[in-house]
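# Per-entry structural report
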Amino acid sequence: STLTNMLTGIYSIGSGTFVLDGKEIHPKNQVEANNEGVSIIVQELGTLSGLTVAENIFLGGWKQFGNVIKWNKLYQAATEYLGQLQLDVEPTEILRNLNASKQQLVSIARALSHKPRILILDEPTASLTETESATLFQIMLNLKKQGYTCVLISHKLDEVFAYSDRIVVM
């Protein structure tokens, strides 16, 4: 947790450097980390239950849809990310109406909306079913083929051994 908090700007780095694509970065918060290409998905849901699925996916990034939000564009973009995750929910659905595993997948869609170079997944399958976990790992493999780096933090060793190219034990 401490390492991921440093990589995402929650904690400042006391010593050493964080270099991404040859550039040293110093995110001071999660927004800066997202802008630098580092996104995190945490075990605890980082969503707002009273907002829609689409609003949660683009939370903090609504400006891309205009000064006055173009809702149709927002819903269309959300639908694309939901499709990547094979999540069959309407972007207009209020998040609290979804079960915990679907809410976790919405968090993952939000992380993907930042188009990260590094995607940190901190115990992402804790609230997912076996089928949803398999979908998530397929998405990770597809992201890897596209040049993304996924950092998987898990206590489920079968997942670690099945889906990791490198393993670091801390």
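Everything in this summary refers to the structure shown in the same document. (Residues numbered from 1 in each chain as written. Predicted model: local features only at pLDDT ≥ 70, side-chain atom pairs only at ≥ 80, totals over all residues. Heavy atoms only, no water.)

### Here we look at the overall build of the protein
- When its secondary structure is counted, the protein shows seven helices and five strands.
- The order of α-helices and β-strands along the protein, N terminus first, is α-β-β-α-β-α-α-α-β-α-β-α.
- A globule of 170 residues ought to have a C-alpha radius of gyration of about 15 Å, and the protein, at 16 Å, matches this closely.
- Once local pairs closer than 6 in sequence are excluded, the contacts in the protein between residues at least 24 apart make up 61%. (Helix = DSSP H or I, 4+ residues; strand = E, 2+ residues; numbered from the N terminus. Rg over C-alpha atoms; globule rule 2.2 N^0.38 Å. Contact = heavy atoms within 4.5 Å.)

### A look at the packing of aromatic side chains
- A full pass over the atoms with the stated rule returns three aromatic pairs.
- Ring geometry for tryptophan 71 against tyrosine 75: centres 5.9 Å apart, planes inclined by 35°, an arrangement best described as tilted. Note that tryptophan 71 and tyrosine 75 are positioned in helix 4 (residues 71–84) at a spacing of four residues, about one turn of the helix.
- Classification of tryptophan 71 as partly exposed rests on a relative accessible area of 34%.
- Under the relative-accessibility criterion, tyrosine 75 is labelled partly exposed at 22%.
- An angle of 5° between the planes, with centres 4.0 Å apart, marks the rings of phenylalanine 137 and tyrosine 163 as stacked. Here the residue phenylalanine 137 occupies a position in helix 6 (residues 130–145), and tyrosine 163 occupies one in helix 7 (residues 157–163), the gap between them amounting to 26 residues.
- For phenylalanine 137, a relative accessible area of 3% puts it in the buried group. (Phe/Tyr/Trp six-rings, centres within 6.5 Å; stacked < 30°, edge-to-face > 60°. Buried < 20%, exposed > 50% of the residue type's maximum accessible area, 1.4 Å probe, protein only.)

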